[in-house]
Amino acid sequence: MQTTLIIIKPDAVQRCLMGRIISRFEEKGLQVIGAKFIKISQELAAQHYREHQGKKFYDSLLRFMTKSPVLVLAIRGKTAIEVCRNIIGATSGRKAAPGTIRGDLGMSATFNLVHGSDSLESAQREIELFFKPEEIIEYGRARDEWGYDLSTGAPE
C-alpha cells in the first residue's frame, strides 16, 4: 500500500469542487487517512515547489497557491500514486482525458485544480511537509474487503 499527497488547490476550493474531487478518490476505493484545510504560507509553498525554483512560472505558482485556502489530503491505496495521478489527469484541463478530474472540470494548465505526488520519494517528502505523524490516521474500513481481494492476506 502507498500513501500519497493530494492538494485540492485554491481554484477548486473557490469553485466549490472539494466534495466532488474527494469523491473521485473514495469512489475508486482509495482511503483518506489525513485531511487539513489550510492557507499555505509563502515559506511552505516555497518548500513544496522547491524543484521549480528559477523557472519562469515559479513566482506566479507561489502567488496562486497562497492566495486562498487549500484542502490537503493523505490518501492510501494499492499503487495510490499512479492511481491518483490517473484520476487527476494531464496537467492542462484542455488536454486531459474526459473522465479525469482535470478533463471533466478544468480548462487551464495553471488553474489545474489538484496536485498529486509524482513518486514515492515526493509523496514522503510532501506528506512530511504538510502532516505531523499523529495527523495520519490509519483505520480499517468495512468496504476494503469488497474493494480488494484479500484472500491471500494482502490486497491484490
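Colleague: Explanation requested: the layout of surface pockets in the structure shown.
Modeller: If a probe as big as a water molecule is rolled over the atoms, it shows which places are left empty. Here the largest pocket is characterised by a volume of approximately 620 Å³. Lining the largest pocket we find 25 residues, and of these Lys9, Tyr49, His52, Thr91 and Asn112 sit closest to its centre. The set of elements that each furnish at least two residues to the lining of the largest pocket consists of α4 (58-67), α5 (80-88), β4 (114-116) and α7 (120-130). Residue classes in the lining of the largest pocket are distributed as seven nonpolar, eleven polar and seven charged.

Colleague: Which parts of the structure should I look at to understand the side chain of Ser68?
Modeller: Along the chain, the position of Ser68 falls in the loop between α4 and β3 (70-77). A distance of 2.7 Å separates the side chain of Ser68 from the side chain of Gln14, its partner in a polar contact. When sequence neighbours within four positions are dropped, the list of residues in contact with Ser68 reads Pro10, Gln14 and Lys39.

Colleague: In this structure, what is going on with the pairing of β3? I would like to understand it.
Modeller: For a regular strand, the rule is simple: side chains alternate between the two faces of the sheet. The element β3 is largely enclosed, with a buried count of eight among its eight residues. Residues of β3 alternate between two faces, with Val70, Val72, Ala74 and Arg76 on one and Leu71, Leu73, Ile75 and Gly77 on the opposite face, all of them buried. Strand direction decides the pairing type here: strand β1 (residues 2-8) and β3, joined by seven bridges, are antiparallel. Counted as the bridge partner of Gln2 is Gly77 from β3. Examined bridge by bridge, strand β2 (residues 31-38) and β3 share seven bridges and lie antiparallel to one another. Each residue of the ladder has a partner; that of Ala35, found in β3, is Leu73.

Conventions adopted
- Residues numbered from 1 in each chain as written.
- Predicted model: local features only at pLDDT ≥ 70, side-chain atom pairs only at ≥ 80, totals over all residues.
- Heavy atoms only, no water.
- 1 Å grid on protein atoms, 1.4 Å probe; cavity = no way out; pocket = protein on both sides within 12 Å on 5 of 7 lines; lining within 4 Å.
- Points joined across faces, edges and corners; volume = space filled by probe spheres on them.
- Helix = DSSP H or I, 4+ residues; strand = E, 2+ residues; numbered from the N terminus.
- Nonpolar A, V, L, I, M, F, W, Y, C, P; charged D, E, K, R; others polar.
- Polar contact = N/O pair within 3.5 Å; in protein donor to acceptor, adjacent residues only side chain to side chain.
- Contact = heavy atoms within 4.5 Å.
- Buried < 20%, exposed > 50% of the residue type's maximum accessible area, 1.4 Å probe, protein only.
- Pairing = 2+ DSSP bridges.

Shape descriptors only; they carry no functional weight alone.
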